[in-house]
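Letter by letter, the chains look like this.
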Amino acid sequence: MFLESKDLLGLKDLSAEEIMYILDTAKTMKHILTSKNKKAPHLQGKTIVTLFHENSTRTRLSFELASKYLSANTANIAASSSSIAKGETLIDTGRTIDSMGCDVIVMRHPMSGAPHLLARHVKASVINAGDGMNEHPTQALLDMFTIMEKKGTLKGLKVAIIGDIYHSRVARSNIWGMTKLGAEVLVAGPATLLPPGMENMGVKVYNTIQEALIDADVVMGLRIQRERQKSGLFPTLREYSKFFGLDDKRLKFAKDDALVLHPGPVNRGVEFSSGVVDGDQSLINEQVTNGVAVRMALLYLLTRRNSIENIN
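All of these numbers come straight from a predicted model, not from anything done at the bench. (Residues numbered from 1 in each chain as written. Predicted model: local features only at pLDDT ≥ 70, side-chain atom pairs only at ≥ 80, totals over all residues. Heavy atoms only, no water.)

**Points about the domain arrangement of the chain**
Inference 1: Each assigned domain of the chain is listed here: domain 1 (16-135 + 289-306) and domain 2 (137-288).
Inference 2: The C-alpha-based centres of domain 1 and domain 2 are spaced at 26 Å.
Inference 3: Every contact between the two is made by 28 residues of domain 1 and, on the other side, 26 residues of domain 2.
Inference 4: For the pair domain 1 and domain 2, the interface holds two salt bridges. (Domains from an automatic or database assignment. Contact = heavy atoms within 4.5 Å. Salt bridge = Lys/Arg side-chain N within 4 Å of Asp/Glu carboxyl O.)

**A look at the pattern of salt bridges**
Inference 1: Within the structure shown, the criterion is met by ten salt bridges.
Inference 2: For arginine 169, the salt bridge is made with glutamate 54, and the minimal N-O distance between the two is 3.1 Å. Residue arginine 169 is found in helix α6 (residues 169-180), and its partner glutamate 54 is found in the loop between β1 (47-52) and α2 (58-69); the two are separated by 115 residues along the sequence.
Inference 3: Owing to a relative accessible area of 27%, glutamate 54 belongs among the partly exposed residues under this scheme.
Inference 4: Across the salt bridge formed by glutamate 286 and lysine 150, the nearest N and O atoms sit 3.4 Å from each other. Of this pair, glutamate 286 sits in helix α12 (residues 284-311) while lysine 150 is found in helix α5 (residues 137-151), placing the two residues 136 residues apart along the sequence.
Inference 5: By relative accessible area, which is 29% here, glutamate 286 ends up partly exposed. (Helix = DSSP H or I, 4+ residues; strand = E, 2+ residues; numbered from the N terminus. Buried < 20%, exposed > 50% of the residue type's maximum accessible area, 1.4 Å probe, protein only.)

**Some thoughts on α5**
Inference 1: The first and last C-alpha atoms of α5 sit 21 Å apart over 15 residues, in line with the 21 Å expected at 1.5 Å per residue.
Inference 2: Within α5, twelve of the 15 residues are buried, leaving the element largely enclosed by the surrounding structure.
Inference 3: Residue glycine 152 follows α5 closely and has a positive phi angle near 85°. (Expected span 1.5 Å × (residues − 1).)

**Brief notes about the sheet that holds strand β2 (residues 73-78)**
Inference 1: Across the sheet, four strands lie side by side as β2-β1-β3-β4; this open sheet has parallel pairing. The open sheet has two edge strands, β2 and β4 (125-131), and neither has a second partner. Here the average twist between neighbouring strands, direction ignored, is 15°.
Inference 2: Examined bridge by bridge, β1 and strand β3 (residues 104-109) share five bridges and lie parallel to one another. Opposite valine 49, over in β3, you have isoleucine 105 as the bridge partner.
Inference 3: This element, α2, spans β1, β2, β3 and β4 of the sheet and lies at about 160° to β2. (Pairing = 2+ DSSP bridges. Axes fitted to C-alpha atoms, helices over the stretch in contact; angles between N-to-C directions.)

**Comments concerning the packing of aromatic side chains**
Inference 1: With the rule as written, the count across this model stands at one aromatic pair.
Inference 2: Taking 5.7 Å as the distance between ring centres and 25° as the angle between the ring planes, the aromatic pair formed by tyrosine 240 and phenylalanine 244 counts as stacked. Within this pair, tyrosine 240 and its partner phenylalanine 244 are both found in helix α9 (residues 237-244), separated by four residues, close to a single helical turn.
Inference 3: Look at tyrosine 240 and you get buried, because its relative accessible area is 3%.
Inference 4: Here phenylalanine 244 falls in the buried class, since its relative accessible area comes to 11%. (Phe/Tyr/Trp six-rings, centres within 6.5 Å; stacked < 30°, edge-to-face > 60°.)

**Description of the packing of helix α1 (residues 16-33) against α5**
Inference 1: Between α1 and α5, the least distance of the axes is 10 Å, while the angle of their chain directions is 70°. Between α1 and α5, the angle is such that the two are roughly perpendicular. Note on packing geometry: the crossing formed by α1 with α5 is right-handed. Here α1 contributes Ile19, Met20, Ile22, Leu23, Ala26, Lys27 and Lys30 to the contact with α5, which in turn contributes Leu141, Met144, Phe145, Met148 and Glu149.
Inference 2: Among the residues making up the contact of α1 with α5, the classes are represented as nine nonpolar, no polar and three charged. (Parallel < 35°, antiparallel > 145°, perpendicular 65-115°, else oblique. Left-handed = near helix turned anticlockwise from the far one by under 90°. Nonpolar A, V, L, I, M, F, W, Y, C, P; charged D, E, K, R; others polar.)

**Observations concerning the UniProt feature "binding site: carbamoyl phosphate" (unreviewed entry) in the chain**
Inference 1: The positions that UniProt labels "binding site: carbamoyl phosphate" (unreviewed entry) are, in the present scheme, Arg58, Thr59, Arg108, His136, Gln139, Gly264 and Pro265. Of the annotated set named above, Arg58 and Gln139 line the largest cavity.
Inference 2: You can see glycine 264 is positioned in the loop between β9 (259-261) and α11 (274-277).
Inference 3: Residue classification places proline 265 among the partly exposed residues on the basis of a relative accessible area of 41%.
Inference 4: Setting aside chain neighbours within four positions, we find proline 265 in contact with Arg58, Arg223 and Glu271. (UniProt positions renumbered as here; feature names shortened; annotations may be inferred. 1 Å grid on protein atoms, 1.4 Å probe; cavity = no way out; pocket = protein on both sides within 12 Å on 5 of 7 lines; lining within 4 Å.)

**Considerations on the side chain of aspartate 143**
Inference 1: When you line up the elements, aspartate 143 lands in helix α5.
Inference 2: For the buried aspartate 143, no salt bridge exists, and the shortest N-O distance to an oppositely charged side chain is 8.1 Å, to arginine 295.
Inference 3: A polar contact of 2.9 Å, which involves the side chain of aspartate 143, links it to the side chain of glutamine 139. (Lys, Arg positive; Asp, Glu negative; His and termini not counted. Polar contact = N/O pair within 3.5 Å; in protein donor to acceptor, adjacent residues only side chain to side chain.)

Below, the structure is given as structure tokens:
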């Protein structure tokens with residue numbers, strides 16, 4: 001089996017079979033990642049470039065490490081220190097990178113759809129590392145991988161996603177992916193942070209955290225984007241925490257063995273209390289580890305696909 005597209009731009013257009021193919025490959029990659037010698041020849045001779053127009057710690061570093069663990073050549077471009085700052089267009093930047101023999105471009109951009117635009121103008125595979133408020137597919141894949149490691153499947157699980165749904169590309173990708181794999185997804189947050197028409201995505205919408213948490217198998221928090229708070233979408237961070245923050249008391253509404261996830265970075269005392277972040281049910285650090293394994297899998301699958309296409 002091969003991924004249908006040369007690019008990984010979102011989970012909305014991936015089939016359930018393709019998602020499972022990526023997750024199954026990630027299992028093998030995690031064995032490499034957790035071994036004493038974190039080095040494999042799978043991407044030897046390949047070149048991976050990260051092109052980030054927004055700040056990132058987890059996503060960018062995990063792609064860089066994933067590339068190096070698989071023996072790829074790597075290069076990093078920050079928009080602020082590149083020709084982009086001089087006025088070069090995204091397409092021209094992409095073509096320049098493409099002309100240097102790059103195999104994969106990993107891109108984060110504040111504009112929704114930017115990776116899709118780039119992918120149409122380059123031969124290299126493009127991986128969406130987060131575009132505006134649209135999608136963050138690799139984050140959702142690592143979230144699903146983490147859940148399946150513990151639960152074995154997503155089918156029939158009740159997943160509650162809490163927080164700033166409106167601005168969250170993580171939420172959108174998780175909704176597309178998890179529903180395709182058979183999970184029941186519920187979302188909750190302040191009315192101002194819930195986009196209209198969420199029901200059309202196949203989820204249940206609640207305005208209180210308690211309703212969404214009842215008998216949940218998985219609880220996922222989302223970062224409150226402090227830069228958005230200035231828009232007056234809710235009164236204060238303190239008030240948000242009072243009504244929508246997850247603490248040990250509220251977590252009891254979920255099942256006793258419920259998993260707790262967060263894409264990070266966590267605003268402690270806002271989305272989650274420290275007790276929840278550091279608690280036994282928290283998988284936040286495991287998500288980070290699994291993020292490297294999933295990104296190793298994607299880099300391998302996309303470069304493998306392209307190599308076979310070139311032979312044919």
